[in-house]
Amino acid sequence: MTAYNEPVTSSTLTSNAPSTLSAFFEDRDDAASAVQRLVEAGVDSANVRLVEGGDGNAQVPQSTNDKGFWASLEDFFFPDDDRAMYSEGLRRGGYLVTVSGLDASLYDTALDILDDEGTVDLDERVESWKAEGWSPETYSGASSTKDAFNSTGSLTTGRGDEEVIPVVEEELRVGKRDVTAGRVKVRAYTVETPVSESVSLRDENVTIERRPVDRALDGTETAFQDRTIEAEERHEEAVISKEARVVEEIALRKTAEQREQTVSDSVRKTEVEIEDERDLTDKRPL
């Protein structure tokens, strides 16, 4: 899945999140499900597009009909290499879902939905296509600037009674795109662990003793009087209570940093060398 920053216009929202997301699918049901979930999540249906590819026959060579896939992506703000990559994926029967004009509050939601619906890792697919001989530069819908160069670096055209060599020069344009580098998820759940504690408990027990005696009454004892004596048994028992305490906090925080990167590439241009072998000093009348 790829994210792009659209050109800033009067209607473009200003945020750190790219306003356009694109995801590629091999299964149409997965692509349609992603579109439905995006709309249900609050994304304007007018900003969600599903581009369907060909019949999936990768053995059919590229032809002028394949330019229809390239043309179907002209409305999107894609670099030429990405446009060629998506066009080839569509030619092989894939499906492209794009979400444009995203509000910053919906960016993470849209990203989760596209991740959940079985998107294809196009970087891996491109490597396999290249192993088969595919190249974005040779795609039938390649840019007119690259097509303007033939094997000698120039293109000769005829205009009536003159021959013209157009002088073509490439310009290096550097854009940027947001690439997902992985996600961090923290899930909290509850587990129960058996614990045990020892506590000292006190028991008070009452026993009845009958002791045989044979003696005369003394002056402190009263004979023939109703009396009742009693004692109460008491026992201590363990009482369990629990107290929940916060012992640690786990937080996810996103930080953003700006970095400078030097991008190097090569550009081509047409060099013209003129050889004039006419003898301008020797002018003779015809």
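Residues numbered from 1 in each chain as written. Predicted model: local features only at pLDDT ≥ 70, side-chain atom pairs only at ≥ 80, totals over all residues. Heavy atoms only, no water.

1. Side note on the nonpolar core
Here is a general trend for soluble globular proteins: nonpolar side chains tend to be buried in one another's company.
So, point 1. Counting 18 residues, the largest nonpolar core has Leu21, Phe25, Leu38, Val48, Val97, Leu102 and Leu114 as the members making the most contacts within it.
So, point 2. Mapped by element, the contributors of at least two residues to this core are β2 (20–25), α1 (28–40), β4 (95–99) and α4 (104–116).
So, point 3. If one sorts the elements of this core by residue count, α4 sits on top with 5 residues. (Core = buried A, V, L, I, M, F, W, Y, C linked by side-chain atoms within 4.5 Å. Buried < 20%, exposed > 50% of the residue type's maximum accessible area, 1.4 Å probe, protein only. Helix = DSSP H or I, 4+ residues; strand = E, 2+ residues; numbered from the N terminus.)

2. Some details on α1
So, point 1. An ideal rise of 1.5 Å per residue puts 18 Å on 13 residues; α1 measures up with 18 Å between its terminal C-alpha atoms.
So, point 2. Along α1, the residues that are buried comprise Ala31, Ala34, Val35 and Leu38. For α1, the arc enclosing every buried residue in end-on projection is 100 degrees, short of the 170-degree limit, so these residues lie on one face. Residues of α1 that are exposed and angled more than 90 degrees away from the buried face: Asp29 and Glu40.
So, point 3. Tucked into the core, α1 has its buried residues touching β2, β3 (48–52), β4 and α4.
So, point 4. Of the residues flanking the start of α1, the one acting as N-cap is aspartate 27, its side-chain oxygen 2.9 Å from the backbone nitrogen of aspartate 29.
So, point 5. Glycine 42 sits one or two residues past α1 and shows a positive phi near 115 degrees. (Expected span 1.5 Å × (residues − 1). Arc of directions from axis to C-beta. Contact = heavy atoms within 4.5 Å. Polar contact = N/O pair within 3.5 Å; in protein donor to acceptor, adjacent residues only side chain to side chain.)

3. Re the layout of surface pockets
So, point 1. Considered as a void within the structure, the second largest pocket measures approximately 440 Å³ in volume.
So, point 2. Taken together, 13 residues line the second largest pocket, and the ones lying closest to its centre are Val195, Ile240, Ser241, Lys242 and Glu243. (1 Å grid on protein atoms, 1.4 Å probe; cavity = no way out; pocket = protein on both sides within 12 Å on 5 of 7 lines; lining within 4 Å. Points joined across faces, edges and corners; volume = space filled by probe spheres on them.)

4. Quick look at the environment of valine 120
So, point 1. Locating valine 120 in the fold gives a position in the loop between α4 and α5 (122–131).
So, point 2. Note on valine 120: relative accessible area 9%, which makes it buried.
So, point 3. Residues valine 120 and aspartate 27 lie 93 residues apart in sequence; the distance between their C-alpha atoms is 9.7 Å.
So, point 4. Ignoring sequence-local partners within four residues, the contact set of valine 120 consists of Phe24, Phe25, Glu26 and Arg125.

5. Side note on a nonpolar patch on the surface
So, point 1. On the surface, a cluster of nonpolar side chains totalling about 350 Å² of accessible area is made up of Leu172, Val174, Val263 and Val267.
So, point 2. Structurally, valine 174 is set in the loop between β6 (162–164) and β7 (177–179).
So, point 3. Overall, valine 174 belongs to the exposed group, its relative accessible area being 56%. (Patch = residues over 30% accessible without salt bridge, like charges linked within 9 Å, V, L, I, M, F, W, Y side chains within 5 Å. Areas by Shrake-Rupley, 256 points an atom, 1.4 Å probe, with all protein chains shown as cover. Salt bridge = Lys/Arg side-chain N within 4 Å of Asp/Glu carboxyl O.)

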